[in-house]
Amino acid sequence: MAFDKKHILGLGELSAEEIKVILDTAESMKEISTRDVKKVPTLKGKTVVNLFFEPSTRTRSSFEIAEKRLSADVLNFSASQSSVVKGESLVDTARNFEAMGASIMVIRHGMSGAPFVLARQINASVINAGDGSHEHPSQALIDIFTIREKKGKIEGLNVLIVGDILNSRVARSNIFGLRKLGANVRIVGPATIVPEYFSEMGAEIFHSLEHAIENVDVVIMLRVQSERKTLEYFPSLREYSGLYGLTREKLKLAKKDVIVMHPGPINRGVELTSEIADDPGAVILEQVANGIAVRMAMIYLVALGESL
Amino acid sequence: MGVLIKNGRVIDPSQSLDMVSDVYVQGDKVKEISKRIDTPRKSDTVIDASGQVVAPGLVDIHVHLREPGYEHKETIKTGCLAAAAGGFTSIVCMPNTNPINDNASVTEYILLKARTEGIVNVFPIGAITKREKGDELAEIGEMCEAGCVAISDDGMPVADSGLMRKAMEYVRPFGIPVITHAEDIGLSAGGVMNEGFVSTELGLRGIPSASEEVGIGRDIILCELTGTPLHICHVSTKGSVRLVREAKKRGAKVTAEATPHHFTLTDKEVYGYNTNAKMNPPLRTREDVDAIIEGIADGTIDVIATDHAPHSQDEKNVEFDLAPFGIVGLETALSLSLELVEKGIITLDEMIKKLTVIPSEIVGIERGTLAPGSIADLVVFDPGMSRMINPGEFLSKSRNTPFAGWELKGVVSNTIVSGKVVFSRS
Ligand SMILES: [Zn+2]
């Protein structure tokens with residue numbers, strides 16, 4: 001089937017079929033990355049802007065490499081050097097880039113819904129590179145792509161997400177995407193950051209990692225933000241890591257061939273012990289590599305949708 | 001000079017009146033209501049109200065006029081125009097202007113502006129605390145003398161319960177009520193919409209129902225402690241309705257209002273990050289809306305008030321977190337209230353009561369009645385005529401409404417203030 005979405009704002013907005021198209025396209029893109037010349041002329045003459053209102057070197061670099069492999073002209077904008085300081089609005093900033101000819105905008109923003117504000121008001125295609133605690137579709141697509149690669153399927157798998165679900169955009173995108181593709185999603189963490197409302201989104205709620213991890217195929221560890229914002233939800237990182245940090249002992253309760261994922265960067269000793277981070281079952285570095293392919297697929301598909 | 005309104009269905013709950021008759025206004029007073037009045041003088045204006053309702057001019061006890069200080073959102077002049085277009089002849093305005101109405105000179109300024117530029121009656125509300133900071137009492141006595149009809153720190157609830165108690169005790173001898181925007185700021189915790197499934201999906205910080213309910217619970221207790229009449233603003237949750245109902249049963253001097261948006265919309269309106277669905281208290285769930293409607297029907301909710309909160313398009317056209325709370329309401333309230341009548345929840349008479357005589361009584365203004373000899377503030381509207389809500393046609397300076405494009409019944413044809421036709425639509 002064709003992909004006719006102009007924007008990719010979140011997995012909540014995509015159908016299972018559309019998600020599969022992105023994953024399949026990412027597979028072809030991954031093949032490009034194995035060639036000697038890792039570049040295709042697909043987006044020649046098109047300008048892509050990376051609008052980063054929140055710093056994230058990892059995500060921005062990954063998008064930038066993806067854009068360049070598709071031969072797009074790339075502009076980078078980050079809030080620190082920006083007119084945001086001068087009080088220019090989000091929409092005005094984006095319109096300036098549109099006037100410079102940008103046809104795709106990749107936006108990272110600290111506030112939920114910012115990409116939706118843009119998509120309503122500009123002509124360019126918008127790709128959400130993470131908005132507030134709402135969605136981080138590229139990261140979840142990478143996770144799902146990696147799971148599919150390792151397990152050969154998504155349907156019927158038991159996937160556990162551990163950590164600050166309430167404030168995590170990675171968690172929301174994964175819940176939307178994994179549920180749509182037929183996985184069973186469990187979430188676990190302190191009751192303050194794993195609220196009951198998530199059960200209405202189709203996730204099964206746990207507050208004990210030992211119970212939650214039983215029989216799971218995949219564990220996705222969320223990064224604990226060590227800012228105050230997260231720390232007001234539980235007493236200390238020490239207590240948190242005692243209860244929800246992943247150790248080899250706890251991992252034994254999962255399926256034998258369990259894989260462990262982390263969107264990075266890892267706080268070693270908080271979310272994961274080093275022995276797990278470096279374990280062959282951990283696919284953390286593969287996630288990084290798959291990131292470029294998935295992001296190429298996202299850009300390619302919205303560009304295609306736009307030219308149709 | 002007089003105005004003769006002929007053949008309308010005259011509904012005046014203050015006199016238990018509901019019949020087709022003529023109303024004659026002479027000067028600024030209602031002179032006579034009877035079956036048939038023939039034009040006594042040539043210079044009189046005659047309004048044919050056949051098929052329409054003639055009622056006391058509507059009274060809105062929760063309006064933000066934005067002047068002084070935020071004239072790009074609304075002025076006293078435009079706010080009054082919007083009121084008149086919506087059938088309101090008296091509006092009671094909240095003190096959160098800039099400067100805040102926390103002393104008599106600001107009160108006098110507002111009243112002067114209203115007299116010279118406003119086409120409807122404006123009754124100011126004074127702040128409870130200086131600059132609505134919540135740490136010391138404002139000069140309540142002087143503001144009362146200058147014309148304030150109530151005190152409130154709307155939008156910035158007094159967090160210190162001890163200070164709130166002192167305010168309620170202090171104000172009692174002045175005979176004006178305390179109007180509370182009840183909210184526990186700690187529970188709201190920077191939230192921007194109702195806490196629930198929708199906020200969870202959208203990744204927006206939620207304001208739990210408990211935030212409002214804890215606030216209302218506290219203020220009801222303080223009302224019972226001090227004996228000062230308490231009016232509770234914009235009730236939005238099922239639990240709040242229950243708290244008010246129980247307090248009334250105990251005989252507490254408590255009244256409550258609901259806004260048209262809270263009895264019409266749910267938090268689902270926020271999907272797509274619609275900033276015109278961002279207000280405080282936030283839109284809640286279907287269950288809450290049903291409870292408010294039930295409260296309106298059984299009298300727990302005494303008043304319909306708009307919480308008219310104008311904001312410019314540029315201010316609303318931003319990230320959801322950054323958008324200010326509030327929507328305009330003066331030009332849609334009557335139509336949305338008529339929906340309750342249409343659905344059989346309340347009668348037309350009860351609806352008018354909640355928009356005229358009861359709010360007038362709460363803030364102690366001599367309005368909301370057509371009794372002969374009273375000030376001639378009237379509205380004439382066609383309850384059956386449909387119209388499409390078009391914010392472009394609003395007389396308010398702002399267009400921030402979630403009801404754009406709605407097809408609603410109820411069209412105001414004439415608004416009369418002190419015997420003068422201040423608004424008419426042919
Ligand atoms: Zn309020």
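None of the values given here were measured: they were computed from a predicted structure.

So, about the overall build of chain B. When helices and strands are tallied, chain B shows 14 helices and 17 strands. For 426 residues, the compact-globule formula gives about 22 Å, and the C-alpha radius of gyration of chain B, at 20 Å, lands near that figure. Overall size of chain B, expressed as C-alpha extent along the three principal axes, is 65 × 45 × 45 Å. With 426 residues in all, chain B has 62% of them scored as buried. At a minimum sequence separation of 6, the contacts of chain B that also span at least 24 residues come to 74%. Summed over its atoms, the accessible surface of chain B is roughly 15,300 Å², and 51% of this surface lies on carbon and sulfur atoms. Considering chain B, the positive charge centre built from 43 side chains and the negative charge centre built from 59 side chains are found 3 Å apart.

On to the sheet that holds strand β6 (residues 58-63) of chain B. All names here are of chain B. Taken together, the 3 strands give an open sheet; going across it, the order is β6-β7-β8, and neighbouring strands pair in parallel fashion. Two strands lie at the open edges of the sheet, namely β6 and β8 (121-124), each paired on one side alone. Strand-to-strand twist across the sheet, computed as the mean angle between neighbouring axes with direction ignored, equals 20 degrees. Bridge count between β6 and strand β7 (residues 88-93): 4 bridges; the pairing is parallel. Bridging from a neighbouring strand, valine 63 pairs with cysteine 93 of β7. The strands touched by helix α1 (residues 76-85) are β7 and β8; relative to β7, the strand with the most contacts, the crossing angle is about 135 degrees.

Another point: the pattern of salt bridges. Applying the stated criterion across every chain yields a total of 33 salt bridges over all chains. We note a salt bridge from B:Glu342 to B:Lys409, for which the minimum N-O separation is 3.3 Å. Separated by 67 residues along the polypeptide, B:Glu342 in helix α12 (residues 333-342) and B:Lys409 in strand β16 (residues 407-417) bring together distant segments of the chain. With relative accessibility at 30%, the residue B:Lys409 sits in the partly exposed group. Ionic pairing is found between B:Arg367 and B:Asp377, a salt bridge with its closest N-O pair at 2.8 Å. Placement of B:Arg367 in the loop between α14 (357-362) and β15 (378-388) and of B:Asp377 in the loop between α14 and β15 is noted, with a sequence separation of 10 residues between them. Where salt bridges share partners, they join A:Asp24, A:Glu27 and A:Arg148 into one cluster.

Here the focus is the coordination of the zinc ion. Residues and elements named next belong to chain B. Asp154 (OD), His181 (ND1) and His234 (NE2) make up the full set of protein donors to the zinc ion, lying at 2.0 to 2.3 Å. Taken in chain order, the donor set of the zinc ion reads D-x26-H-x52-H. Taken together, the positions of aspartate 154 in the loop between α3 (140-146) and α4 (161-171) and histidine 181 in the loop between β9 (178-180) and α5 (185-188) put the pair 27 residues apart, joining distant regions of the chain.

Attention shifts here to the sheet that holds strand β12 (residues 230-232) of chain B. Residue and element names in this part refer to chain B. Read across the open sheet, the 4 strands follow the order β9-β12-β13-β14; overall the sheet is parallel. Both edges of this open sheet fall to β9 and β14 (303-304), since each of them pairs with a single strand only. For strand β13 (residues 254-258) and β14, the ladder comprises 2 bridges, and the chain directions are parallel. Directly across from alanine 258, in β14, lies its bridge partner isoleucine 304. The sheet contacts of helix α7 (residues 209-226) involve β9, β12 and β13, and relative to β12 the element is tilted by about 165 degrees.

Turning to the nonpolar core, a few remarks are in order. With 72 residues, the main nonpolar core has B:Ile91, B:Val122, B:Ile232, B:Met351 and B:Phe381 as its most contacted residues. The dominant element in this core, judged by the number of residues it contributes, is α1(B), at 6 residues. Contacts of B:Val122, omitting those with residues within four sequence positions, involve B:Leu65, B:Ile76, B:Cys80, B:Ile91, B:Cys93, B:Ile110, B:Leu111 and B:Ala114. Ranked by size, the runner-up nonpolar core spans 64 residues in total, among them A:Leu23, A:Ile161, A:Val194 and A:Val283.

Residues and elements named next belong to chain A. Here 6 bridges tie strand β1 (residues 47-52) to strand β2 (residues 73-78), and the two strands are oriented parallel to one another. Considered in β2, the bridge of leucine 51 is made with phenylalanine 77. In this view, the connection linking β1 to its parallel neighbour β2 by way of helix α2 (residues 57-69) has right-handed handedness.

Looking now at the interface of chain B and chain A. Each partner contributes residues to the interface: chain B has 17 residues there, and chain A has 23 residues. By the criterion of area lost to chain A, the three top residues of chain B are B:Thr200, B:Tyr273 and B:Glu319, representing 34% of everything that side buries. Joining chain B to chain A, the criterion identifies 1 salt bridge. Put simply, A:Glu232 and B:Arg205 hold a salt bridge, and the shortest N to O gap is 3.7 Å. Taken together, chain B and chain A are joined by 9 residue pairs in polar contact (both at pLDDT 80 or more). Tallied by class, the residues present in the side of chain B that touches chain A amount to 7 nonpolar, 5 polar and 5 charged.

So, about the confidence of the model for chain B. Counting all residues, the mean pLDDT for chain B is 97, and 100% of those residues have values of 70 or more. ipTM for the predicted complex: 0.91, alongside a pTM of 0.93.

Scanning the entire structure with this criterion turns up 7 aromatic pairs over all chains. A ring pair is formed by B:Phe403 and B:Trp406, whose centres lie 4.9 Å apart and whose planes are at 90 degrees; its orientation type is edge-to-face. On the basis of relative accessible area, B:Phe403 is assigned to the buried category, the value being 1%. An aromatic cluster is present here, built from A:Phe53, A:Phe77 and A:Phe97 joined pairwise through their rings.

The rules behind the values
Residues numbered from 1 in each chain as written. Chains lettered and ligands numbered in written order. Predicted model: local features only at pLDDT ≥ 70, side-chain atom pairs only at ≥ 80, totals over all residues. Heavy atoms only, no water. Helix = DSSP H or I, 4+ residues; strand = E, 2+ residues; numbered from the N terminus. Rg over C-alpha atoms; globule rule 2.2 N^0.38 Å. Buried < 20%, exposed > 50% of the residue type's maximum accessible area, 1.4 Å probe, protein only. Contact = heavy atoms within 4.5 Å. Areas by Shrake-Rupley, 256 points an atom, 1.4 Å probe, with all protein chains shown as cover. Lys, Arg positive; Asp, Glu negative; His and termini not counted. Charge placed at Lys NZ, Arg CZ, Asp CG, Glu CD. Pairing = 2+ DSSP bridges. Axes fitted to C-alpha atoms, helices over the stretch in contact; angles between N-to-C directions. Salt bridge = Lys/Arg side-chain N within 4 Å of Asp/Glu carboxyl O. Donors = N, O, S within 2.8 Å, 3.2 Å for Na, K, Ca; no water. Core = buried A, V, L, I, M, F, W, Y, C linked by side-chain atoms within 4.5 Å. Right-handed = clockwise from strand over helix to strand, strands pointing away. Buried area = accessible area lost by both parts, 1.4 Å probe. Polar contact = N/O pair within 3.5 Å; in protein donor to acceptor, adjacent residues only side chain to side chain. Nonpolar A, V, L, I, M, F, W, Y, C, P; charged D, E, K, R; others polar. pLDDT = per-residue confidence, 0-100. Phe/Tyr/Trp six-rings, centres within 6.5 Å; stacked < 30°, edge-to-face > 60°.

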